[in-house]
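# Structure assessment
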Amino acid sequence: MKKRSFLKNLLALGVTASPGVHSFGKALSRFEHIPPAQLASNEDFWAGIRAGYKLKPDYINLENGFYCFVPQETLENLIGHVREVNYQGSWYMRNERKANKAATTARLAELGGCSPEEVVITRNATESLDLIITGIHWKEGDEAVMAEQDYGAMLNQFKLAAKRYGVVNKVVSVPNLPQSDEEIVDLYAAAITPRTRLLMISHMINITGQILPVRKICDMAHSKGVQVLVDGAHAFGHFQFNLPELHCDYYGSSLHKWLSTPLGAGLLYVKKGNAQHVWPLLAEGERDPNDIQRLNHIGTYPAYTDLAINDAINYHHAIGGKRKEERLRYLQTYWTSKVREIPGVRVNTPADPARYCGIGNVGIEGMKPADFAKTLMEQYKIFTVPIDGSNVHGCRISPNLYTTLEELDVLVKACTELARA
């Protein structure tokens, strides 16, 4: 997206262009001729992006995996939407909300490369995925397959399904450093039996950043008559892909992560023809069984968040999805390549660039992850999150577009010193 188009989109949303917007547009116009892979290491460009964020100076934030807070332009737009919805009140909710939500949904579908009839806006990935886990027409003795490295909220929902419907949960363990796609595909294939109804996989494992071969797993599962639910909480808006090309049946994501929307925005993709196989969480009334909207009734919700999704999409397109992917992968490669061979340092994320993007996980031998995280914060002013379970022992490191190489150098210094202590 050109500078002029970006500014025009912001102004169309009723937002006065701030100095940060103009700086961003100027940065874009100066670097448009540089290929994304080359631009990934151009610190002048990314310094311009960083200028569009308001950053807390107390620590280096390497915990964007929970919530990628929004740049200032998106934040100002959100505040404007809150004011406008509050100004119009019930008039907006009754007369404009549905059309605006449909338009936003269409833009999300376009970003995901699918039909608007296959997407609904939810509040987060947990809601999206749990709608499917709870909504499947389970029978006692049906089996579900998942991994211990999957997100805890989903695993808990499967446990609830086991108590409620008699579902049998089969849990595998994905290796942190697999040798091939086939190793992972075979792992899941071995857990499938004639009673398996649903297989859940992570597109990107949240605790290590490992990207799984989703399409290969889906094709294998479908050959055995099993549907596939994909947890894409960390993938959507992080790296480039089209939902239909994954060949999955259901896909959920949190937009407040790597698309950098305000909190309270998620996405659920249901492949055409599959909505009829899922019970809605809340009853709305009679609809076509294959209308995905029947799964999206939650009552009154903060409609201004939906409007701000548009601003986040504008920002994403302005930077460029491929540029963003290349930068995030470059940042991860920058620090992991410096610490991977240090004795006493354990990187829990594969070294193959096809198996990771912006997220990594690192541990120090003989040091508990909680102590590692505490030391990083207290001695090096680095904020991150410890992971200690599911065969992963270390701290998740998730930089964002505003992260500098100097900040990552502090992490490298910390790992080096702590491993030698």
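Residues numbered from 1 in each chain as written. Predicted model: local features only at pLDDT ≥ 70, side-chain atom pairs only at ≥ 80, totals over all residues. Heavy atoms only, no water.

## A word on helix α5 (residues 72–88)
- The end-to-end C-alpha distance of α5 is 24 Å, a good match for the 24 Å that 17 residues give at a rise of 1.5 Å each.
- Among all positions in α5, only Glu 73, Thr 74, Asn 77, Leu 78, His 81, Val 85 and Gln 88 are buried. On an axial view of α5, the arc spanned by its buried residues comes to 135°, and they lie on one face. Looking at α5, the residues exposed on the side facing more than 90 degrees away from the buried face are Arg 83, Asn 86 and Tyr 87.
- Once α5 finishes, Gly 89 follows within two positions and takes phi at roughly 55°, a positive value. (Helix = DSSP H or I, 4+ residues; strand = E, 2+ residues; numbered from the N terminus. Expected span 1.5 Å × (residues − 1). Buried < 20%, exposed > 50% of the residue type's maximum accessible area, 1.4 Å probe, protein only. Arc of directions from axis to C-beta.)

## What about the pattern of salt bridges?
- Throughout the structure, instances matching the rule amount to 16 salt bridges.
- We note a salt bridge from Asp 181 to Arg 355, for which the minimum N-O separation is 2.8 Å. Note that Asp 181 is positioned in helix α10 (residues 181–191) and Arg 355 in the loop between β9 (345–347) and β10 (360–364), a separation of 174 residues in sequence.
- Arg 355 gets classed as buried once you look at its relative accessible area, which sits at 9%.
- The salt bridge involving Asp 352 is made with Arg 355; its shortest N-O contact spans 3.9 Å.
- The partly exposed category is assigned to Asp 352, whose relative accessible area is 37%.
- Because the salt bridges share partners, they merge into one network encompassing Asp 181, Glu 182, Lys 216, Asp 352 and Arg 355. (Salt bridge = Lys/Arg side-chain N within 4 Å of Asp/Glu carboxyl O.)

So, to be careful, I would describe these as geometric facts and stop short of saying anything about function.
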